[in-house]
Amino acid sequence: MPDLTQKQANDLALAAETAAVLPAQRAVIPTLCRMASVDPETGRKANTALLLDLLRGNEEKLRAAFEVAGRILAGDTRPDGQVISVGKAANDPMMMLAHDIIQLSMRGEPERAWAQVRQQPPGRQAAVLSILAAFLNYHFADLDPLTLAATE
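Cut-offs and rules
- Residues numbered from 1 in each chain as written.
- Predicted model: local features only at pLDDT ≥ 70, side-chain atom pairs only at ≥ 80, totals over all residues.
- Heavy atoms only, no water.
- Helix = DSSP H or I, 4+ residues; strand = E, 2+ residues; numbered from the N terminus.
- Buried < 20%, exposed > 50% of the residue type's maximum accessible area, 1.4 Å probe, protein only.
- Contact = heavy atoms within 4.5 Å.
- Core = buried A, V, L, I, M, F, W, Y, C linked by side-chain atoms within 4.5 Å.
- pLDDT = per-residue confidence, 0-100.
- Salt bridge = Lys/Arg side-chain N within 4 Å of Asp/Glu carboxyl O.
- Axes fitted to C-alpha atoms, helices over the stretch in contact; angles between N-to-C directions.
- Left-handed = near helix turned anticlockwise from the far one by under 90°.
- Nonpolar A, V, L, I, M, F, W, Y, C, P; charged D, E, K, R; others polar.
- Parallel < 35°, antiparallel > 145°, perpendicular 65-115°, else oblique.

Participant: How would you sum up the overall build of the protein? Please name residues and give values.
Facilitator: A count of helices and strands for the protein gives nine helices and zero strands. The 152 residues of the protein split such that 47% are buried. Look at the contacts in the protein between residues 6 or more apart in sequence, and 74% of them connect residues 24 or more apart.

Participant: Just give me the short version of the nonpolar core, but keep the residues and values in it.
Facilitator: By size, the foremost hydrophobic cluster in this structure holds 46 residues, and its most contacted members are Leu 12, Phe 66, Ile 72, Ile 101, Leu 129, Leu 132 and Leu 136. At the level of elements, helix H1 (6-19), helix H3 (29-37), helix H4 (44-56), helix H5 (59-73), helix H6 (93-106), helix H7 (110-118) and helix H8 (122-140) are the ones that each hand at least two residues to this core. The element contributing the most residues to this core is H8, with eleven residues. The contact partners of Leu 12, leaving out residues within four places of it in the chain, are Leu 4, Cys 33, Ala 36, Ser 37, Ile 72, Leu 136 and Phe 140.

Participant: Outline the confidence of the model for the protein, listing residues and values.
Facilitator: Within the protein, residue pLDDT values average 84, and 83% of them lie at 70 or more. Mean pLDDT across the elements of the protein bottoms out in helix H9 (residues 145-151) (59) and peaks in H3 (95). Predicted confidence for residues 77-82 stays below pLDDT 50, and this span has seven contacts to residues more than four positions away or in other chains.

Participant: Can you break down the pattern of salt bridges residue by residue, with the values?
Facilitator: Opposite charge on two side chains allows them to pair when their charged atoms are near. Evaluation of the coordinates by the stated rule reveals six salt bridges. The residue Lys 7 makes a salt bridge to Asp 11 at a minimum N-O spacing of 2.9 Å. Residue Lys 7 and its partner Asp 11 are located together in helix H1, separated by four residues, close to a single helical turn. Among the salt bridges present, the one from Glu 109 reaches Arg 112, with a minimum N-O distance of 2.8 Å. With relative accessibility at 21%, the residue Glu 109 sits in the partly exposed group. Within the structure, one salt-bridge network assembled from shared partners comprises Arg 107, Glu 109 and Arg 112.

Participant: Break down the packing of H6 against H8 for me, citing the residues and quoting the values.
Facilitator: Where H6 meets H8, the closest approach of the two axes is 9 Å, and the angle between their N-to-C directions is 65 degrees. Seen along the crossing, H6 lies across H8 with a hand that is right-handed. Residue-level inspection shows Met 94, Met 95, Leu 97, Ala 98, His 99, Ile 101 and Ile 102 of H6 in contact with H8, the latter providing Arg 124, Ala 127, Val 128, Ile 131, Leu 132 and Phe 135. For the contact of H6 with H8, the class distribution of residues is eleven nonpolar, one polar and one charged.

Participant: I'd love a proper account of the environment of Met 35, names of residues and values included.
Facilitator: Mapped onto the secondary structure, Met 35 falls in helix H3. Overall, the relative accessible area of 2% leaves Met 35 in the buried class. Residues Met 35 and Asn 47, spaced twelve residues apart in sequence, show a C-alpha to C-alpha distance of 5.5 Å.

Participant: Explain the packing of H6 against H7 to me, using residue names and the numbers behind them.
Facilitator: It is at 8 Å that the axes of H6 and H7 come closest, and there the two elements cross at 165 degrees. In terms of axis orientation, H6 runs roughly antiparallel to H7. As H6 runs across H7, the sense of the crossing is left-handed. For the pair H6 and H7, the contacting residues are Leu 97, Asp 100, Ile 101 and Leu 104 in the first and Pro 110, Arg 112, Ala 113, Gln 116 and Val 117 in the second. For the contact of H6 with H7, the residue count by class is six nonpolar, one polar and two charged.

Here you go:
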């Protein structure tokens, strides 16, 4: 999985700007875009620092990051409306929660999505946001999740 090219990063930023409707959501766009612009493997250290900042910050920013990521990804589904699981983590509870967030975003229910996230301890919240950032990376890098899963 690559770092995004400049054009892909610009497309991500534009999608994030479109998905952010509240000032708190606009405030997290740079962080979310940095997380999704780097390869999930090689950018792990930098993303961990960004996740820690979000977790240690106020709850409004953390919620905003989940909402913006969920809105962007709500349009990235197969024709049958099911978000594609990638690789070995497909049945992981955090992967399932990430799917729920996207599905609830598709249905216009961000409050329900946040209620599910809020019940999780901070480490799991970070894991789910990391999954969403990886999904953003796949989407904007034009990677096919099924091909990625087959190569694992």
